[in-house]
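Results of the structural survey
The primary structure of each chain is shown beneath.
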Amino acid sequence: MSKQNLNVTERIELIRNKNRPTVNDYIPLIFKNFMEFHGDRHYGDDHAIIGGIATIKDVAVTVIAQVKGRNIDENKRSNFSMPHPEGYRKALRLAKQAEKFHRPVICLVDTPGAFCGIEAEERGQGQAIAQNLMEFMMLKVPIISIVLGEGGSGGALALAVCDELAMLENAMYSVISPRGFASILWKDPSREMEAAGLMKITAEDLLGFGVCERIIPEPAGGAHNDSAVTAENISEYLCEALEKFKKVDVERLLSERYNKFRKIGMYDFMQEEQI
């Protein structure tokens, strides 16, 4: 559980800190022998998502990760961590390959949302995300997803259909970004922080709602204060989760994944009045 008494505004400032570690920092610290694969075998290679095979504690895994940049050049290369449809198709290609070779899939989520430009829509952005939702739900290997910073809308959910979802302590996960929320509700994106306070998008909120299963602690002041400690915390969690899911057969895995998403949300059933 969280040990830092921070409000949502302070957490947003932390996850948007330019020095916050990205997957380019975490992957070398957590995994060994990482070999990146490129392309969706259809259009091209999207630098907003990287993926490949690696080992963690001698367990072979497939790693799929959304890439944030530290400077303008890195952000331009990764399209500010907003994947195109070919990025999601690459992710699905690697997930299906993992299924073929019985490797667990580890997804690292960090995006404000999928890219919504005209070219992305022309190449089937909505279809690519929907295909991932469907295929990941039926994937016959364990899927573990971790929200590292921002987890925005369908762009994040496309890599967060999983058997267990964890969040770093200061991470956010939401159906829409706070700025988008404010733009729609009040027609005023400057009320972003006010919106964030209403949306219940912190790790503690989502643990309480049953959306995520684990909060991974960060050093005081945020992950950027000691990326090695944060990486070690992530690694310990992953090893624990991989050991747990190693003992689960495929039929039970799929059933529990289905039930995980079916139980999210609150429903109030009302009987019709008898006339």
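Residues numbered from 1 in each chain as written. Predicted model: local features only at pLDDT ≥ 70, side-chain atom pairs only at ≥ 80, totals over all residues. Heavy atoms only, no water.

Okay, helix α1 (residues 8–15) next. Every buried residue of α1 is listed here: V8, R11, I12, L14 and I15. Projected down its long axis, α1 shows its buried positions confined to an angular sector of 160°, all on one face. Along its buried surface, α1 packs onto β5 (143–152), β7 (172–174), α8 (178–185), α9 (192–199) and α10 (203–209). Capping the start of α1 is the job of one residue whose side-chain oxygen sits 3.1 Å from the backbone nitrogen of T9: N7. (Buried < 20%, exposed > 50% of the residue type's maximum accessible area, 1.4 Å probe, protein only. Helix = DSSP H or I, 4+ residues; strand = E, 2+ residues; numbered from the N terminus. Arc of directions from axis to C-beta. Contact = heavy atoms within 4.5 Å. Polar contact = N/O pair within 3.5 Å; in protein donor to acceptor, adjacent residues only side chain to side chain.)

For α9, the set of buried residues is E192, A195, A196 and M199. Down the axis of α9, the sector holding all buried residues measures 105°, keeping them to one side. Taken together, the buried residues of α9 touch α1, β7 and α8.

Inspection of the entire model under this criterion finds one aromatic pair. A centroid spacing of 6.0 Å and a plane angle of 70° characterise the contact between F181 and W186, whose relative ring orientation is edge-to-face. Since its relative accessible area comes to 23%, F181 is described here as partly exposed. Among the residues examined, W186 registers a relative accessible area of 23% and is labelled partly exposed. In this structure, R191 is placed above the aromatic ring of W186, and the distance from its NZ or CZ to the ring centre is 3.9 Å. (Phe/Tyr/Trp six-rings, centres within 6.5 Å; stacked < 30°, edge-to-face > 60°. Lys NZ or Arg CZ within 6 Å of the ring centre and 35° of its normal.)

Look at helix α2 (residues 23–30) against helix α11 (residues 227–246): their axes get within 9 Å of each other, and the N-to-C directions meet at 60°. Relative to α11, the element α2 is oriented oblique. In the packing of α2 onto α11, the handedness of the crossing is right-handed. Judged by residue contacts, Y26, L29 and I30 of α2 engage S227, A228, T230, A231, I234, S235 and L238 from α11. In terms of residue class, the contact of α2 with α11 is made up of seven nonpolar, three polar and no charged. (Axes fitted to C-alpha atoms, helices over the stretch in contact; angles between N-to-C directions. Parallel < 35°, antiparallel > 145°, perpendicular 65-115°, else oblique. Left-handed = near helix turned anticlockwise from the far one by under 90°. Nonpolar A, V, L, I, M, F, W, Y, C, P; charged D, E, K, R; others polar.)

Of all hydrophobic cores here, the largest spans 64 residues; its most connected members are F31, I64 and L238. Excluding residues that lie within four positions of it along the chain, I64 makes contacts with I49, I50, G51, A91, L94, A95, V105, I106, C107, L108, F136 and L159. Counting residues in hydrophobic clusters, the runner-up holds nine residues, among them V8, I12, I15 and A182. (Core = buried A, V, L, I, M, F, W, Y, C linked by side-chain atoms within 4.5 Å.)

By secondary structure assignment, the location of M137 is in helix α6 (residues 125–138). You can call M137 partly exposed: its relative accessible area is 23%. Taking the C-alpha atoms as reference, M137 lies 27 Å from N79; in sequence the two are 58 residues apart. Filtering out sequence-adjacent residues up to four positions away, M137 remains in contact with N132, V161, L254, R257, Y258 and F261.

On to the pairing of strand β2 (residues 49–56), then. With seven of eight residues buried, β2 lies mostly within the body of the structure. Across four bridges, the pairing between strand β1 (residues 32–37) and β2 is antiparallel. Bridge pairing links E36 to G52 in β2. Of the pairings in the sheet, the one linking β2 to strand β3 (residues 59–66) comprises eight bridges and is antiparallel in character. By the bridge assignment, T55 is partnered in β3 with A60. (Pairing = 2+ DSSP bridges.)

In this section: the packing of α8 against α9. Across the interface, α8 lies against α9 with an axial gap of 8 Å and an inter-helix angle of 100°. As judged from the angle between their axes, α8 and α9 are roughly perpendicular. For the pair α8 and α9, the contacting residues are P178, R179, F181 and A182 in the first and E192, A195, A196 and M199 in the second. Tallied by class, the residues present in the contact of α8 with α9 amount to six nonpolar, no polar and two charged.

The next thing to look at is the pattern of salt bridges. Within this structure, the stated rule accounts for 19 salt bridges. Notably, a salt bridge pairs D25 with R70, separated by 2.7 Å at the nearest N-O pair. Taken together, the residues D25 in helix α2 and R70 in the loop between β3 and α3 (72–77) connect sequence positions 45 residues apart. Since its relative accessible area comes to 32%, R70 is described here as partly exposed. With a shortest N-O distance of 2.9 Å, E194 and R191 are connected by a salt bridge. Assessed through its relative accessible area of 41%, E194 is described here as partly exposed. Overall, the relative accessible area of 28% leaves R191 in the partly exposed class. Residues joined by salt bridges that share partners form a network here, namely R16, K68, D110, E150, R179 and E192. (Salt bridge = Lys/Arg side-chain N within 4 Å of Asp/Glu carboxyl O.)

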